[in-house]
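The lines below spell out each chain.
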Amino acid sequence: MPELRRIPVNGVELNVALAGSGPAVLLLHGFPHTWELWTDVIADLADRHRVIAPDLRGFGASGRAASGYDAGTLAEDAAALLAALDVTSAAVVGIDAGTAPAFLLALRRPDLVRRLVVMEALLGRLPGAEDFLADGPPWWFGFHSAAPGLAETVLEGHEAAYVDWFLRTGTLGDGVPLAVRDAFVRAYTGREALSCAFSYYRALPESAAQIERAVATARLTVPTMALGAQPVGTALERQLRPVTDDLIGHVIEDCGHIIPLHRPYALLTLLRPFLADEDARAA
């Protein structure tokens, strides 16, 4: 079981799961998740790595800030967390809401991020996702980012059913372990918790602008792996291809959006050698 610590960074206190020793790996979750998204990944990687898995600001047991849900601020949170833990070099893995901050952190701080793994998300308005977006973005993007307070009012008292929908859909109907499901439901229950989660979606235009500005002046130089499943597939890889120097992509078959819970061992089959190559270069 990982050690849980509360670490103040960048004006917010993060709840962080820590396990293992060795080269650092930072894991950034998405919605509607907490650090427990990575349970199987942590158990495997901790044999050879120092695994760091925070709840993002406003999510789970981390501090509920009034602002700072844009990708740039979340990237600053991640950098500050690594500094607080005296980590000077890390592999960074992000999924869903964790992808954009992981990307910006690697783009801005190639001295800090040795390897980048991103999965099942889009990077703002970068070209390459036109096919995926042909019928518009997923319906919940608009619902979550509508007039402040609307989604919270509709969902308060019905959080478990709402979270369950995402967990079933994100695993192609298979669902997730009950203990993890219950942890997610607890984390997203209550108006304040919902408001913080939806603030990420309400910040998406700002995050998209940050990404566009960043790629206008820099390229992603760190070795990068883009992973897709259902529904994103290769869209993220196509967005990354024009702005990335060293990129490999994979699509995990028969896998839903929540890759670390739905197909953790397929993920680890790809993740282990990618990180092992990093370890060999660092040695």
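What counts as what
- Residues numbered from 1 in each chain as written.
- Predicted model: local features only at pLDDT ≥ 70, side-chain atom pairs only at ≥ 80, totals over all residues.
- Heavy atoms only, no water.
- Helix = DSSP H or I, 4+ residues; strand = E, 2+ residues; numbered from the N terminus.
- Rg over C-alpha atoms; globule rule 2.2 N^0.38 Å.
- Buried < 20%, exposed > 50% of the residue type's maximum accessible area, 1.4 Å probe, protein only.
- Contact = heavy atoms within 4.5 Å.
- Areas by Shrake-Rupley, 256 points an atom, 1.4 Å probe, with all protein chains shown as cover.
- Core = buried A, V, L, I, M, F, W, Y, C linked by side-chain atoms within 4.5 Å.
- Expected span 1.5 Å × (residues − 1).
- Lys, Arg positive; Asp, Glu negative; His and termini not counted.
- Salt bridge = Lys/Arg side-chain N within 4 Å of Asp/Glu carboxyl O.
- Polar contact = N/O pair within 3.5 Å; in protein donor to acceptor, adjacent residues only side chain to side chain.
- Phe/Tyr/Trp six-rings, centres within 6.5 Å; stacked < 30°, edge-to-face > 60°.

*Asks:* Where do I start with the overall build of the chain in this structure?
*Replies:* A count of helical and extended segments in the chain gives twelve helices and eight strands. Its C-alpha atoms give the chain a radius of gyration of 17 Å, near enough to 19 Å, the size a compact globule of 283 residues would have. Its C-alpha atoms put the chain at 55 × 40 × 40 Å along the principal axes. Across the 283 residues that make up the chain, the buried fraction comes to 57%. A sequence separation of at least 24 residues applies to 74% of the contacts in the chain between residues at least 6 apart. Accessible surface, the chain: about 11,200 Å² in total, of which carbon and sulfur atoms supply 55%.

*Asks:* Would you take a moment to explain the nonpolar core for this structure?
*Replies:* One broad trend across soluble globular proteins is that nonpolar side chains are buried collectively. If you look at the biggest cluster of nonpolar residues, it comprises 103 residues, and the most contacted ones within it are Leu-27, Trp-38, Ile-52, Leu-81, Met-119 and Leu-240. If we ignore the near neighbours within four places in the chain, the residues touching Leu-240 are Phe-103, Val-118, Leu-123, Leu-220, Thr-224, Ala-226 and Leu-247.

*Asks:* Where do I start with helix H2 (residues 71-84) in this structure?
*Replies:* For an α-helix, 3.6 residues make a turn, and residues three or four places apart therefore share a direction. Across its 14 residues, H2 extends 20 Å between first and last C-alpha, which sits within 8% of the 20 Å expected from 1.5 Å per residue. Taking burial as the measure, the 14 residues of H2 include ten buried ones, the bulk of the element. When H2 is considered as a whole, its buried residues turn out to be Ala-71, Gly-72, Thr-73, Leu-74, Ala-75, Asp-77, Ala-78, Ala-79, Leu-81 and Leu-82. Phi for Asp-86, located one or two positions after H2, is positive at around 60°.

*Asks:* What am I meant to see in the side chain of Asp-55 here?
*Replies:* Summarising the element assignment, Asp-55 is placed in the loop between strand S4 (50-54) and H2. An unpaired buried charge is present at Asp-55: no salt bridge exists, and Arg-6, the closest side chain of opposite charge, is 6.7 Å distant. Here the side chain of Asp-55 touches Trp-35 through a polar contact of 2.8 Å, landing on its backbone nitrogen. Residues contacting Asp-55, with those up to four places away along its chain left out, are Leu-14, Asn-15, His-29, Thr-34, Trp-35, Gly-60, Ala-61 and Ser-62.

*Asks:* What is the right way to read the packing of aromatic side chains from this model?
*Replies:* The geometry of an aromatic ring pair is captured by two quantities: the separation of the ring centres and the angle between the planes. One pass over the structure, following the stated rule, counts 18 aromatic pairs. Judged by centre distance (5.2 Å) and plane angle (85°), the rings of Phe-141 and Tyr-201 are edge-to-face. In this pair, Phe-141 sits in helix H4 (residues 139-144) while Tyr-201 sits in helix H8 (residues 191-202), placing the two residues 60 residues apart along the sequence. When its relative accessible area of 3% is taken as the criterion, Tyr-201 is described as buried. Taken together, a centroid distance of 5.0 Å and an interplanar angle of 80° make the contact between Tyr-162 and Phe-166 edge-to-face.

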